[in-house]
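Chain by chain, the residues:
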Amino acid sequence: NPDVVYGIPKLDSELGEHIFSRLYSKSRRLSSVISRTAQGSPENGSVFYSSATAYNWIPLFRSINTLPSELNNEKQLSLLREWDAQSPELADVSFAILNSRLVYWLWRVVGDGFHLTDTFILNLPLSPQDLNREQLSSLIDLAQVLWQQMVRHPVASSNSGIKGTTFCPYVCDSELDAIDSILIKAYNLPKKTLGYLKTF
């Protein structure tokens, strides 16, 4: 029950309440296909990365090997959390899901608008196991395009004197629309959910 884990969710409408309740009524979680791995583990296609804090988007990295050399530094990398999926394909799907506006909305609803915790990620009520083969294939393709585009748009930040770089997913509006549409259909959410998420 998310109420126990997070406290009172910050829902602003009946539609938001319906979406939230519908998702958290599902039994599967993202933890069904991903787990935290030890920092500094060798990178492979099944690994992706997140930052511990967030603001206007969920900061995710599909690969650190593809980072520009000036961003691939020890200080930056030491702040990343490493996630291991059960396969490279499930890593792509998880990356797409986590970049969705739906997940950002859920984070704002249950989170504090700053910390991106392991508990939040693992407890997300969105699992690749709930999707059909066509939906999974589409998310894999979208994840790959998303990362190729995101890495071209680095955003530098500084927090308590620590400099870091993330990549903005909102440069990929059509890809995000497609990802959210797949999730909305898979979880039988109202058709107006996409507009609600984009307005939010």
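All figures in this text were calculated on a predicted structure; none of them were measured in a lab. Positions within a chain are numbered from 1, following the residues in the order the chain's sequence is written. Per-residue local features of the predicted model are confined to residues with pLDDT of at least 70, and side-chain atom pairs are confined, for both listing and counting, to 80 or more; whole-chain, interface and lining totals are unaffected and use all residues. Side-chain calculation: all heavy atoms of the structure are included, whereas hydrogens and water are not.

### Focus on the overall build of the protein
Here is step 1: By definition, any uninterrupted DSSP run of H or I lasting at least four residues is a helix, any uninterrupted run of E lasting at least two residues is a strand, and each is numbered from the N terminus. Counting secondary structure elements, the protein contains 9 helices and 6 strands.
Here is step 2: Partly exposed residues are those whose accessible area sits between 20% and 50% of the maximum for their type, while under 20% is buried and over 50% is exposed, using a 1.4 Å probe and protein chains only. Evaluated residue by residue, the protein yields a buried proportion of 48% over its 200 residues.
Here is step 3: A contact between two residues is defined here by any heavy atoms of the two lying within 4.5 Å. Counting contacts in the protein only where the partners sit at least 6 residues apart, residues at least 24 apart contribute 75% of the total.
Here is step 4: In these tables, accessible area is a Shrake-Rupley quantity obtained with a 1.4 Å probe, and a residue counts as shielded only by the protein chains included in the view. Element-wise, carbon and sulfur atoms account for 50% of the exposed surface of the protein, whose accessible area totals about 9,700 Å².

### A few points about the sheet that holds strand β4 (residues 81–85)
Here is step 1: For two strands to count as paired, DSSP must find a minimum of two bridges between them. Pairing in this open sheet of 4 strands is antiparallel, and the strands run β1-β4-β2-β3 from one edge to the other. Edge positions in the sheet fall to β1 (34–36) and β3 (60–61), since each of these pairs with one other strand and no more.

### Some words on empty space enclosed by the protein
Here is step 1: The pocket and cavity definitions rest on a 1 Å grid over protein atoms only: a 1.4 Å probe that fits but cannot leave marks a cavity, an open set with protein on both sides within 12 Å along at least five of seven lines marks a pocket, and residues lining either have an atom within 4 Å of a point. Grid points are joined across faces, edges and corners, and a volume is the space filled by probe spheres set on the points. For the coordinates displayed, the defined rule picks out 1 cavity of 30 Å³ or more.
Here is step 2: In this structure, the largest cavity occupies an estimated 40 Å³ of space.
Here is step 3: Forming the walls of the largest cavity are Trp57, Ile58, Leu98, Asn99, Ser100, Arg101, Tyr104, Pro169 and Tyr170.
Here is step 4: When residues of the lining of the largest cavity are traced back to their parent elements, those giving at least two are α4 (88–99) and α5 (101–110).
Here is step 5: Considered class by class, the residues forming the lining of the largest cavity number 6 nonpolar, 2 polar and 1 charged. Residue polarity follows a fixed list, in which Ala, Val, Leu, Ile, Met, Phe, Trp, Tyr, Cys and Pro are nonpolar, Asp, Glu, Lys and Arg are charged, and the others, Gly among them, are polar.

### Digging into the pattern of salt bridges
Here is step 1: Salt bridges are identified by distance alone: a Lys or Arg side-chain nitrogen within 4 Å of an Asp or Glu carboxyl oxygen. Counting across every chain of the model gives 9 salt bridges.
Here is step 2: Between Arg101 and Asp180 there is a salt bridge whose closest N-O contact spans 3.2 Å. Taken as a pair, Arg101 in helix α5 and Asp180 in helix α8 (residues 173–186) lie far apart in primary sequence, 79 residues in all.
Here is step 3: The buried category is assigned to Arg101, whose relative accessible area is 10%.
Here is step 4: Within the structure, one salt-bridge network assembled from shared partners comprises Arg101, Asp173, Asp177, Asp180 and Lys198.

### A word on the nonpolar core
Here is step 1: Of all hydrophobic cores here, the largest spans 60 residues; its most connected members are Leu102, Trp105, Leu106, Phe120 and Leu139.
Here is step 2: Of the residues forming this core, the biggest block, 8 residues, is contributed by α5.
Here is step 3: Beyond its immediate chain neighbours, meaning those up to four positions away, Leu139 contacts Asp92, Val93, Ala96, Ile97, Leu131, Ile179 and Ile182. Only buried residues count toward a nonpolar core. Its members are Ala, Val, Leu, Ile, Met, Phe, Trp, Tyr and Cys residues joined through side-chain atoms within 4.5 Å.

### As for the packing of aromatic side chains
The description of an aromatic ring pair uses the distance of the two centres, along with the angle that the planes make with each other.
Here is step 1: Each Phe, Tyr or Trp ring, with Trp reduced to its six-membered ring, pairs with another whose centre is within 6.5 Å; inter-plane angles below 30 degrees give stacked pairs, above 60 give edge-to-face pairs, and intermediate values give tilted ones. Per the stated rule, a full pass over the model turns up 10 aromatic pairs.
Here is step 2: An angle of 70 degrees between the planes, with centres 5.9 Å apart, marks the rings of Trp105 and Tyr196 as edge-to-face. Taken together, the residues Trp105 in helix α5 and Tyr196 in helix α9 (residues 193–199) connect sequence positions 91 residues apart.
Here is step 3: Under the relative-accessibility criterion, Tyr196 is labelled buried at 14%.
Here is step 4: Within the aromatic cluster, the residues linked to one another by ring pairs are Phe61, Phe95, Trp147 and Phe167.
Here is step 5: Throughout this description, the term charge over a ring refers to an Arg CZ or Lys NZ atom that lies within 6 Å of the ring centre and within 35 degrees of the ring normal. Residue placement shows Arg36 over the ring face of Trp83; its charged tip is 5.7 Å from the ring centre.

### Some points on the pairing of β4
Here is step 1: With 3 bridges joining them, β1 and β4 adopt antiparallel strand pairing. For Ile34, the partnering residue across the bridge sits in β4 and is Ala85.
Here is step 2: The sheet contact formed by strand β2 (residues 47–50) and β4 spans 4 bridges and is antiparallel. Each residue of the ladder has a partner; that of Val47, found in β4, is Asp84.

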